[in-house]
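# Structural description and commentary
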Amino acid sequence: MNSEEIIRKRLACHQLTDQYLSDPGQLLHHLLGIQAQDYHGSKWAMGTRLVDCKESDIDRSVQEKKIIRGWFMRGTLHFINAEDVHWLLDLLGPKLLSSGTGRNRQLGLSDAILDRSKLILSSALKGKKELTRNELSEILKESGIDTGEQRLYHILQHAALEKIIIFGTRKRNEFTFTLLDDWISMRKKKDRDAALTEMAKRYFTTRGPSTIADFAWWSGLALTECRRATELAGTTIQEEFINGQHYFSIRRNNPDRIISDRIHLIPPFDEYVIAYKDRTDILVANLKRSVISSNGIFYPVILQNGKVIGTWKRKLNKDQLTISTGLFISKNKMNKKDILQAAENYARFLGLKKFSIL
């Protein structure tokens, strides 16, 4: 298997080619999660993988509690299917809580303060209330809890990882928080081995072919646990030795294919880029800083045949979408018809009829 074949398989696994799902909840069950600190970007990450999906469909899924935003893989914000919230937090939460101890200490957030904060949050959100960060910050300050200098973020994240709170719906273009037990009634539990097995299967199904190091980076779990998870998944995962490395993927019955010169406009922090420790198959090394900033910001990128050929930005003006591009290749090497089609797909997702490319 060569680099082009790896790319072809990944595009299919990521649902970027030959899409067959139409529901955001189904997609997130398939992918397990999509990184979501950029809300509008994460919606397009779902939209570009779904058949005939509009931005309003994803907003509705959030409102209906079918998809949930929270801190999961690597302690970063993700959207996941509501059914997966409890077992994922049980699996990932303890390590994330432990790794945050040092930063909490720097911020003066002792165990006593964090415990008191959880009680205050529980009381404030009782009765299925949904409150914004600012509203919760004021309540905590009134109770003598200092929320400055990133303390609020760490207080909220700690309470979320402890399964006290979860993100709710949006109020005035801002996500609210609510009590987890009020928001999600289903409690899908798994023992640790079953959870590790499930995570390995879903990762290699949707991001393969990939390595154990890729899996460890994406999940935030230790390499030893990722090796164990892969072993537990057994024969459902196939192993291939490619260019001196062991790659894993799920056996597929249908042939994977790549559409010649297909262009994708993918959002910041998209799983196609961020889900791997090694990105050399899709990104030339000397272009890395043009795609990923020194402080870990992943920019929206243009893919051609699965490889990064540039970056893009959007501008919305009333009923029109304008896309500006920063290409790493000459324009005559990019199919103009395909980039126009990609822009039209995004405009349709946003519910806009007018679009242009700069």
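Let me begin by describing the structure that accompanies this report. Along each chain, residues carry numbers from 1 onward, in the same order as the chain's sequence is written. Whole-chain, interface and lining totals are the exception, using all residues; otherwise, since this is a predicted model, local features are given only for residues with pLDDT of at least 70 and side-chain atom pairs are given and counted only at 80 or more. Only hydrogens and water are removed before side-chain values are computed, so all heavy atoms of the structure are retained for them.

Another aspect to go through is the packing of helix H5 (residues 85-99) against helix H11 (residues 192-207). Helix axes use the C-alpha atoms of the stretch in contact, all axes being lines fitted to C-alpha atoms, and the angles between their N-to-C directions lie in the range 0 to 180 degrees. Starting at the N terminus, helices and strands are each numbered in turn, a helix being any DSSP run of H or I of at least four residues and a strand any DSSP run of E of at least two. Running from N to C, H5 and H11 point in directions that differ by 105 degrees, and their axes come no closer than 10 Å. Put simply, H5 runs roughly perpendicular to H11. Along the contact surface, H5 presents Trp 87, Leu 88, Asp 90, Leu 91 and Leu 92, while H11 presents Arg 192, Ala 195, Leu 196, Glu 198, Met 199 and Arg 202. Residues are grouped as follows: Ala, Val, Leu, Ile, Met, Phe, Trp, Tyr, Cys and Pro are nonpolar; Asp, Glu, Lys and Arg are charged; every other residue, Gly included, is polar. A breakdown of the residues in the contact of H5 with H11 according to their chemical character gives seven nonpolar, no polar and four charged. Throughout, the term roughly parallel applies to angles under 35 degrees, roughly antiparallel to angles over 145, roughly perpendicular to angles from 65 to 115, and oblique to all others. The contact rule is simple, with two residues in contact once any of their heavy atoms fall within 4.5 Å.

Whether two strands pair comes down to DSSP finding at least two bridges between them. Across six bridges, the pairing between strand E7 (residues 237-242) and strand E8 (residues 245-250) is antiparallel. Each bridged residue has a counterpart across the sheet, and for Phe 241 the counterpart in E8 is His 246. The hairpin formed by E7 and E8 contains two residues between the paired strands, and Asn 243 there has a positive phi angle of roughly 50 degrees.

With that settled, the discussion passes to the side chain of Thr 178. As for its placement among the helices and strands, Thr 178 is situated in strand E6 (residues 174-179). The term polar contact refers here to a pair of N or O atoms within 3.5 Å; inside protein, the definition further demands a hydrogen-donor-capable atom paired with an acceptor-capable atom, and it admits residues adjacent in sequence only when both atoms are side-chain atoms. For Thr 178, the side chain forms a polar contact with the main-chain oxygen of Lys 129, separated by 2.9 Å. Aside from chain neighbours lying at most four places away, what touches Thr 178 is Leu 125, Lys 128, Lys 129, Glu 130, Ile 164, Ile 165, Ile 166, Gly 168 and Trp 183.

Strands sit in the order E9-E10-E11-E12-E13 across an open sheet of five strands; the sheet is mixed. Single-partner strands in this sheet number two, and they are strand E9 (263-266) and strand E13 (354-357). Taking each pair of neighbouring strands and ignoring which way they run, the sheet shows an average axis angle of 30 degrees. The pairing of E9 with strand E10 (residues 301-304) spans four bridges and is classified as antiparallel. Bridging across to E10, Leu 265 finds its partner in Ile 302. Lying over the sheet, helix H16 (residues 336-350) contacts E9, E10, strand E11 (307-317), strand E12 (320-327) and E13, oriented at roughly 145 degrees with respect to E13.

Moving on, we get to unusual backbone geometry. In this model, Gly 208 is joined to Pro 209 through a cis peptide bond whose omega is -5 degrees. The residue Gln 15 is not glycine, and still its phi comes out positive at about 65 degrees. Position of Gln 15 relative to the elements: it lies in the loop between helix H1 (3-13) and helix H2 (24-31). Looking at Gln 15, the relative accessible area reads 3%, which means it is buried. For each residue, the accessible area found with a 1.4 Å probe, counting protein chains only, is set against the maximum for its type, and the residue is called buried under 20%, exposed over 50%, and partly exposed in between.

Moving on to the packing of aromatic side chains. In this scheme Phe, Tyr and Trp rings, the latter by its six-membered ring, pair at centre separations within 6.5 Å, and the angle between planes marks the pair as stacked below 30 degrees, edge-to-face above 60, and tilted otherwise. Under the definition given, this model contains 18 aromatic pairs. Taken together, Tyr 39, Trp 71, Phe 79, Tyr 153, Phe 167, Phe 175 and Phe 177 form an aromatic cluster joined through their ring pairs. Throughout this description, the term charge over a ring refers to an Arg CZ or Lys NZ atom that lies within 6 Å of the ring centre and within 35 degrees of the ring normal. Note that Arg 10 overlies the ring of Tyr 276, its terminal NZ or CZ placed 3.8 Å from the centroid. One cation-aromatic arrangement involves Arg 74 over Trp 217; the distance from NZ or CZ to the ring centre is 5.1 Å.

A few words now on the sheet that holds strand E1 (residues 34-35). Taken together, the three strands give an open sheet; going across it, the order is E1-E3-E2, and neighbouring strands pair in antiparallel fashion. Bordering the open sheet on either side are E1 and strand E2 (67-71), each of which pairs with just one other strand. Judged from the five bridges that link them, E2 and strand E3 (residues 77-81) form a sheet pairing that is antiparallel. Bridge assignment links Ile 67 to a residue of E3, and that residue is Asn 81. Relative to the sheet, H2 contacts E1, E2 and E3, its axis offset from that of E3 by approximately 110 degrees.

As paired strands, E10 and E11 are joined by four bridges and run antiparallel to one another. By the bridge assignment, Val 301 is partnered in E11 with Thr 311. The hairpin formed by E10 and E11 contains two residues between the paired strands, and Asn 305 there has a positive phi angle of roughly 55 degrees. As paired elements, E11 and E12 share eight bridges and run antiparallel to each other. Bridging from a neighbouring strand, Leu 316 pairs with Leu 321 of E12. Where E11 hands over to E12, the hairpin turn is made up of two residues, of which Lys 318 adopts a positive phi near 55 degrees.

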